[in-house]
Amino acid sequence: MRKKRRSSVDKSESAAPPDVSKSKKSRTTGHQSKTTAQEDTSIDSVFGQFLHEAGVILRQGSTSNEIAVDQVVFQKRLQQHLKKSPRYPSIVQEFITGLESHIEDPERFRNCLLPCVPRLADGDSSSFQESLLRMLLGIEMLQVLVINTLFEKLPEFIAGEDGLNIPRVIVNQLKWLDRIIDSKELAGKLMQLVSVASVEIQCDIITSLPEILEDSQHSDIARELKWVEPYNIAHPIMYILGYFPSILALAQSLLRSPDPCVVPFGGHMYRLSFTAFDSYCQQEVVGSLVTHVCSGVGGEVDVALELLCGLVTEKPSEMALYAVFVKGILDYMENLTPQQIRRLFHLLSGLAFGQQQQGTHIQDEMHIVVRKQLSSTVPKYKRIGIIGAVMVVGSMGLLVETMPLIFPLSGETYCVTALLELVRSCSESSPEAAALYYDELANLVLTCTLDPLVQVCLPSNNLPSSLPHLVCPRPFPFPACIMYNLDDEESQGGIAINLLQLLSDDLQHKGELWSQTGNNKTQRRVSPLCLSPFFRLLRLCEEQQHQGDLEEIDALLGCPLILTDMDVVEKSESLSKPEREFLCGLLFQTINWFREVLNAFCSQKDPEMKMKVVTRLQNITYLQTLLERTLAATPGYAPPLANFDGESTEGAPVSSSSAGIELYFLVLLLPLQDDGEKEKVQEATRPGVSLVSYRHFFRELDMEVLSVLQCGLLSRSLLDSELHSKVREEVQLGPAELVFLLEDMWRKLEFSLTAAPAKRVPFFKGKTDKSVGFSHLQQKSPKDIAACCVQLLPTLCTHLENCHNHFQTLLSENQGVVDASGLDVREHQLLSSAYQLLLQVLHTTFSWSGFSQPEHRGLLKKTLGVLADRLKEGGPELTMDQHSFEYLLNFHSTVPSLSIALCLSQLLSTVADRGGHQATYREQTGETHTPSISIGLMQHIYLEHTDDVLKAVEEIAGEGIPELLNSAKDASSRTWPTLNRLTFLVFYKGMMGVLEKYLCVIFKGTLLTLCCVQVMSEKLLTWNLAVRDFHILVNLVKVFDSRPVLNVCLKYGRLFLESFLKLGMPLLDFSFKKHKEDVQSLLKTFQLSTRQLHHMCGHSKIRQDTILTNHVPALKKSLEQFVYRVKAMLTLNHCQEAFWLGNLKNRDLKGEEILSQRSQGSDEEEEAGSPLPQEQSEDEVLAIIDF
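These numbers come from a predicted model, not from an experiment.

**Focus: the overall build of the chain**
And step 1. Looking only at helices and strands, the chain features 46 helices and 15 strands.
And step 2. Split into buried and exposed, the 1187 residues of the chain put 51% on the buried side.
And step 3. Of the contacts made within the chain by residues no fewer than 6 positions apart, 72% connect residues no fewer than 24 positions apart.

Listed below in structure tokens is the structure:
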């Protein structure tokens, strides 16, 4: 067997031609020709002979040494040859002597430090081989001797000699060895070397210690490094050795924090750790980030992927070393969102197709993964394959100038065209997959600068074969209604989008395969789902190829659509279910076409095109009103898909029960009408359903569409037959169009700028993906979104002032009544919505957490400056922040509803926070809004910003609620107009919650300030007021005894009691002797409250209400703790005789005793109380704790 193995090696070596490696480029040495390389004469020595027999050929000059076998085989053979030598063990020393002689020559030493070149031509050996010295260190009998030889050579070199840092390369040979024979001796030698080496070599050795020594040695080495000079070299490395795990753990915790404000700090720690520390720490950083990505927590995954992408961009060479770790994320793609999958493939493609050759080994695996996902019949996996393949095309297409367009796999060559053809062939069987393919390519064209050769490969260049299915010349082959034509009637050769035909054909072939093969030729049908995605791809390619000029396709902006007369909506209830569903689908497809048209032409500067864009926006808002009414008559309808990268793509298609429907039924309902017909104004009270739940079925609008908000009055002159200007046409944004754009803008800001805390995916994950419909938006950073808002801020302020002026005029004309009779209800609703949306947009913008970061302070200053400049009046003593606040405060007089007042108050609070003027906010809003804004969040804002929370709670509970009780059944409190019996629960919950929170904040750290008598007295007074407010609120359940009120009282009563035990009782311990009467009064009042809570527990038990009884155990435990805590306080102050423990009977809310089933006695509970009934006198209550 041994002879056979040896002869095999000899055979492979003798059979290999001299230039066998010429056809296989080395990843280390490039195109080094092997024909000129000569074998080293050292082969005549024992050292050279043994190496040659084991499989390593030494070379002369700068030519790398070659290895003919795998490095593990080489090590095993060399060890066997040495042990079987007749001169063993002396042969080992002869071998080392030969090594020392060989590396006396600097070029030979350099070759032994660099990786060997594989010599096998069959490709069976690994593409990466260790250096000769590294492989010798892996042989136990040679390790100590080789280490001594290296240490003797190390001082001969200085860092950076001949472009190669020899000392660093020598030290690198010792890193991550599988086994160290004598780690203590190695550590001692390293420390000796550190003590005598130059500063440069000291740095290399110390920074490599964590990767050389075992973990158990780190602490000992750190202590020894304290005495190393210079100290500034050893101290940073000690810090790494001792504290890097803590740094990494802290970064992990910050990145996983539920507080979005601290997450960026974790990201900075990771980035700085990778940049500043050595390869050991870099590997740990990459591994930790990969763990974050695989965690499944949305925010955590996003930040980690962003950090990895940033590191690949900033440190490509270093990151290429850890590509194998990043590649492991491919096994966890099932839990990633579409945007996260894009980021992942962008990351991997950067490693695979970058200039660093270390990452090229993941190209094959990426292609295997992409091909596997594309061939899957599961829509989710096919989507992953399409997204991944397009991202790979983008990375390959960016590098055509520096590297060939190849995608190697097992000896075959796949160019960009082949990869695109693979995706096309795998997606043509599904309209959803094909539409996603077009959308992904469109995103690629939008975000990347592709080489012209790649652009030629895109499907948009197949327009001549695809266009006839999407548009058709007039006249039409069948009667239909031509609608929404914006071009002149005299124009010749116009086109029309034949949506009616497209949907009819799709309905007729429902249930058939999307592509069918017949007569050896594939006959493809065009799905309506692909219309808008293909147009988007076409438009973006046109923009890139013609520098934004869309003249070649501008006819699609104004061309008409072949639909049916929309008056059929009025008769939708008389239609059959298949007919109504067909009509809904037609409306969805029409709206989505117009939305994509807005995306395409919204940035055009030509006035006539701007007019058409605004008109298309008007078409959308009108069609939406028709769709709302049609959907109301079509319950259970599943709309056609519009966004194809999310989970909603697996929703049910349009019902296939309409197979027998007549294709052109809509044409028969009403006669053909002229396209110049004007749409009728619809009444505001027309029944319909809200489209909020259908948002995912509309095409996404780009951020650029919001520039339409800047359009003022647009006009053009129409020429008569004699080319004279007779009529002037004017177009401008109406209330409906303004609300449409503002709704879309607010949703975008909520998605991008509102940082939600990181939450883990629940066990039963919902089917709705909140990111669906925001694919384009996710291509932009939050900073870009905020900058866009700042750019639009003057326009938003103009619209806000217009709404203010409208309602101000309305108030003046109707004697201060904003909703007087005779108003245009529709216009009033739209302008109110626009007013609220404008305030919400501003609030969301100012609430962006990024404004708190130093790098964005300039953007915040610019934002506040825009508002400040709008204030026409204001003294010079006001700062820019105060000017901004004053400008917004001026709108308070015209808010038409409580919800809009709430939005304004929230905005004022946020702006005050940004400017650091909360005191100004309290003064202004306290006087202006207290009477009218006192419900829900407004009450919360008022109580949080009032100067005296306890006084405010007492005013509401002690004045407002008695006024309510003394008024008529449907009346409200006189002082608090929004306080009535329907809103009492909102008030009650708000007061209980604010009271408990206020005490936790104001008494935090009380024990540190109790040494001052004055402070002690003030805090005791505060607790007396708080307990009095609490007693008032608890006693209100005797009047308002509904289940929700009891639930709030039980929940917050326990929280208040716990706060009193934790923060109030220590104060009583110190205050008892000097303020005995105040403490007595406080405990007396609080005891009445705890007795009422006890009665509520009994009431909950007898009612057997699960929601209420869930609070009882924890509350009774706190009540019991209160009893014994009071006893401890009295004992501490030598007054324990004033306390006695009685049996308190269970009673209901009315004070009646609750009898148990076992006896007529009461269920006894221990509490500081009395067995006397509730009618006991005040003296009897005081006798319980008699001072």
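**Quick notes on the confidence of the model for the chain**
And step 1. Across the chain, pLDDT averages 77, with 74% of residues at or above 70.
And step 2. Counting contacts from residues 473–478, a segment whose pLDDT is below 50, to residues more than four positions away or on other chains yields 13 contacts.

**Some remarks on unusual backbone geometry**
And step 1. Geometrically, the link from tyrosine 88 to proline 89 is a cis peptide bond, its omega value of 10 degrees lying close to zero.
And step 2. In this model, tryptophan 176 sits at a positive phi of 55 degrees, which is unusual for a non-glycine residue.
And step 3. Structurally, tryptophan 176 is set in the loop between α8 (166–172) and α9 (183–196).
And step 4. Its identity as a non-glycine residue notwithstanding, tyrosine 484 has a phi of 60 degrees, on the positive side.
And step 5. Along the chain, tyrosine 484 turns up in the loop between β7 (481–483) and β8 (495–497).

**Quick look at the sheet that holds strand β3 (residues 117–118)**
And step 1. One open sheet holds the three strands; their spatial order is β1-β2-β3, and the pairing between them is mixed. Strands at the two margins of the open sheet, each flanked by one partner only, are β1 (56–57) and β3.
And step 2. With two bridges joining them, β1 and strand β2 (residues 66–67) adopt antiparallel strand pairing. Along β2, the bridge assignment pairs isoleucine 57 with glutamate 66.

**Concerning the packing of helix α26 (residues 531–545) against helix α28 (residues 577–601)**
And step 1. In the contact formed by α26 and α28, the axes pass within 10 Å of each other and the chain directions differ by 10 degrees. The angle between α26 and α28 places the two elements in the roughly parallel class. Listed contacts from α28 to Leu531, Ser532, Phe535, Arg536, Arg539 and Glu543 of α26 are Asn592, Trp593, Glu596, Val597, Asn599, Ala600 and Phe601.
And step 2. Grouping the constituent residues of the contact of α26 with α28 by class yields six nonpolar, three polar and four charged.

**What to know about the environment of isoleucine 170**
And step 1. Tracing the backbone through its elements, the reader meets isoleucine 170 in helix α8.
And step 2. Residue isoleucine 170 is classed as buried on the basis of its relative accessible area of 1%.
And step 3. In this structure, the C-alpha to C-alpha distance between isoleucine 170 and isoleucine 205, residues 35 residues apart in sequence, is 9.7 Å.
And step 4. In contact with isoleucine 170, not counting residues within four places along its chain, are Phe109, Leu113, Leu150 and Leu154.

**Quick word on the packing of helix α32 (residues 782–813) against helix α33 (residues 825–846)**
And step 1. At a minimum axis distance of 10 Å, the contact between α32 and α33 shows a crossing angle of 140 degrees. Both α32 and α33 take part in a crossing whose hand is left-handed. Here Cys789, Leu793, Leu796, His799, Leu800, Cys803, His804, His806, Phe807 and Leu810 of α32 come into contact with α33, specifically with Glu827, His828, Leu831, Ser832, Ala834, Tyr835, Leu838, Leu839, Val841, Leu842 and Thr845.
And step 2. Residues belonging to the contact of α32 with α33 are distributed by class as follows: 14 nonpolar, six polar and one charged.

**With respect to the pattern of salt bridges**
And step 1. With the rule as written, the count across this model stands at 30 salt bridges.
And step 2. Among the salt bridges present, the one from arginine 342 reaches aspartate 645, with a minimum N-O distance of 2.9 Å. Placement of arginine 342 in helix α18 (residues 338–352) and of aspartate 645 in the loop between α29 (607–632) and α30 (665–669) is noted, with a sequence separation of 303 residues between them. No difference in accessibility class separates arginine 342 from aspartate 645, as the two residues are buried.
And step 3. For arginine 424, the salt bridge goes to glutamate 421, with nearest N and O atoms at 2.5 Å. Here arginine 424 and its partner glutamate 421 are both found in helix α21 (residues 416–427), three residues apart, which amounts to about one turn of the helix.
And step 4. A relative accessible area of 39% places glutamate 421 in the partly exposed class.

**Quick notes on the packing of aromatic side chains**
And step 1. Counting across every chain of the model gives 27 aromatic pairs.
And step 2. Between tyrosine 887 and phenylalanine 891, the aromatic rings sit 5.3 Å apart at their centres with planes inclined by 90 degrees, giving edge-to-face as the arrangement. Residues tyrosine 887 and phenylalanine 891 agree in their burial class; the two are buried.
And step 3. Ring centres of phenylalanine 1030 and phenylalanine 1086 lie 6.0 Å apart, and the angle between their planes is 35 degrees; this geometry places the pair in the tilted category. With phenylalanine 1030 in helix α41 (residues 1013–1035) and phenylalanine 1086 in helix α43 (residues 1076–1103), this pair connects stretches of sequence that are 56 residues apart.
And step 4. Since its relative accessible area comes to 1%, phenylalanine 1086 is described here as buried.
And step 5. Ring pairs connect the aromatic residues Trp1023, Phe1030, Phe1056, Phe1060, Phe1086 and Phe1122, which therefore count as one cluster.

**Description of helix α35 (residues 880–889)**
And step 1. Among the 10 residues of α35, seven are classified as buried, and the element is accordingly described as predominantly covered.
And step 2. For α35, the set of buried residues is Gln882, His883, Ser884, Phe885, Tyr887, Leu888 and Leu889.

**Observations regarding a negative patch on the surface**
And step 1. A cluster of acidic side chains, namely Asp549, Glu551, Glu552 and Asp554, defines a negative patch on the protein surface.
And step 2. As for its placement among the helices and strands, glutamate 552 is situated in the loop between α26 and α27 (555–558).
And step 3. Glutamate 552 gets classed as exposed once you look at its relative accessible area, which sits at 61%.

**Notes on the side chain of histidine 1111**
And step 1. Relative to the assigned elements, histidine 1111 resides in the loop between α44 (1106–1109) and α45 (1112–1132).
And step 2. A distance of 2.8 Å separates polar atoms of two side chains, one belonging to histidine 1111 and the other to asparagine 1047.

**Things to note about the environment of phenylalanine 846**
And step 1. With respect to the secondary-structure elements, phenylalanine 846 resides in helix α33.
And step 2. Relative accessible area serves as the criterion here: at 0%, phenylalanine 846 is assigned to the buried category.
And step 3. Measuring from C-alpha to C-alpha, the distance between phenylalanine 846 and threonine 910 comes to 6.6 Å, with 64 residues separating the pair along the chain.
And step 4. Setting aside anything within four residues of it in sequence, one finds phenylalanine 846 in contact with Phe851, Leu860, Thr863, Leu864, Leu867, Leu907, Thr910, Val911 and Arg914.

**Here we look at helix α39 (residues 949–965)**
And step 1. A rise of 1.5 Å per residue sets the reference length of α39, with its 17 residues, at 24 Å; its end C-alpha atoms lie 23 Å apart and thus fit the reference within 8%.
And step 2. Looking only at α39, the buried set comprises Val949, Leu950, Ala952, Val953, Ile956, Ala957, Gly960, Ile961 and Leu964.
And step 3. Its side-chain oxygen at 3.3 Å from the backbone nitrogen of leucine 950, aspartate 948 defines the N-terminal cap of α39.

Quick notes on the rules
Residues numbered from 1 in each chain as written. Predicted model: local features only at pLDDT ≥ 70, side-chain atom pairs only at ≥ 80, totals over all residues. Heavy atoms only, no water. Helix = DSSP H or I, 4+ residues; strand = E, 2+ residues; numbered from the N terminus. Buried < 20%, exposed > 50% of the residue type's maximum accessible area, 1.4 Å probe, protein only. Contact = heavy atoms within 4.5 Å. pLDDT = per-residue confidence, 0-100. Pairing = 2+ DSSP bridges. Axes fitted to C-alpha atoms, helices over the stretch in contact; angles between N-to-C directions. Parallel < 35°, antiparallel > 145°, perpendicular 65-115°, else oblique. Nonpolar A, V, L, I, M, F, W, Y, C, P; charged D, E, K, R; others polar. Left-handed = near helix turned anticlockwise from the far one by under 90°. Salt bridge = Lys/Arg side-chain N within 4 Å of Asp/Glu carboxyl O. Phe/Tyr/Trp six-rings, centres within 6.5 Å; stacked < 30°, edge-to-face > 60°. Patch = residues over 30% accessible without salt bridge, like charges linked within 9 Å, V, L, I, M, F, W, Y side chains within 5 Å. Areas by Shrake-Rupley, 256 points an atom, 1.4 Å probe, with all protein chains shown as cover. Lys, Arg positive; Asp, Glu negative; His and termini not counted. Charge placed at Lys NZ, Arg CZ, Asp CG, Glu CD. Polar contact = N/O pair within 3.5 Å; in protein donor to acceptor, adjacent residues only side chain to side chain. Expected span 1.5 Å × (residues − 1).

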